[in-house]
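# A structural walkthrough
Here are the chains, one letter per residue:
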Amino acid sequence: MLALSETPMPTPTMTVDPETVTPGFVGFAAIVVILIAVILLIWDMNRRIRRVRYREEVRDELDAEEAARAADEATETDADLPIVREGDDDPRTT
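Everything in this summary refers to the structure shown in the same document. (Residues numbered from 1 in each chain as written. Predicted model: local features only at pLDDT ≥ 70, side-chain atom pairs only at ≥ 80, totals over all residues. Heavy atoms only, no water.)

Attention shifts here to the overall build of the chain. Scanning the chain from terminus to terminus reveals two helices and zero strands. Burial status across the chain gives 0% buried among its 94 residues. Looking at the chain as shown, the accessible area adds up to about 9500 Å², and 63% of this sits on carbon and sulfur atoms. (Helix = DSSP H or I, 4+ residues; strand = E, 2+ residues; numbered from the N terminus. Buried < 20%, exposed > 50% of the residue type's maximum accessible area, 1.4 Å probe, protein only. Areas by Shrake-Rupley, 256 points an atom, 1.4 Å probe, with all protein chains shown as cover.)

A few words now on the pattern of salt bridges. Throughout the structure, instances matching the rule amount to two salt bridges. In this structure, D44 engages R47 in a salt bridge whose closest nitrogen and oxygen atoms are separated by 2.3 Å. One end of the pair, D44, and the other, R47, are both in helix α2 (residues 24–80), three residues apart, so they sit about a helical turn from each other. D44 is paired through a salt bridge with R48; the nearest N and O atoms lie 2.9 Å apart. With D44 and R48 both in helix α2, this residue pair falls four residues apart, about one helical turn. Linked through salt bridges whose partners overlap, the residues forming this network are D44, R47 and R48. (Salt bridge = Lys/Arg side-chain N within 4 Å of Asp/Glu carboxyl O.)

Let us now look at a nonpolar patch on the surface. A cluster of nonpolar side chains, F25, F28, V32, I36, L40 and W43, forms an exposed patch at the surface whose accessible area comes to about 710 Å². Along the chain, the position of I36 falls in helix α2. (Patch = residues over 30% accessible without salt bridge, like charges linked within 9 Å, V, L, I, M, F, W, Y side chains within 5 Å.)

This next bit is on a negative patch on the surface. Taken together, E56, E57, D60, E61, D63, E65 and E66 make up a surface patch of like negative charges. Take E65: it is sitting in helix α2. (Lys, Arg positive; Asp, Glu negative; His and termini not counted. Charge placed at Lys NZ, Arg CZ, Asp CG, Glu CD.)

Set out below in structure tokens:
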């Protein structure tokens, strides 16, 4: 009951003209500058990520070529060795 007996608070009225409290050209220019900065940062990030991805692909290709070359050299050196059978003389001693 006490809450009903209190006098209501008056609602404040606007003392400032709503037309003069706008961001105006300065606010618009600030948003445009922020937008351009964000676009440039995203563009740079994509370029860096793409560069890292390409480097990884090239590194994988080089590793595969090196492994293939090592495998070829291993098979060539095995093929160059003479075949020695039991009872035959060792061809390396002749």
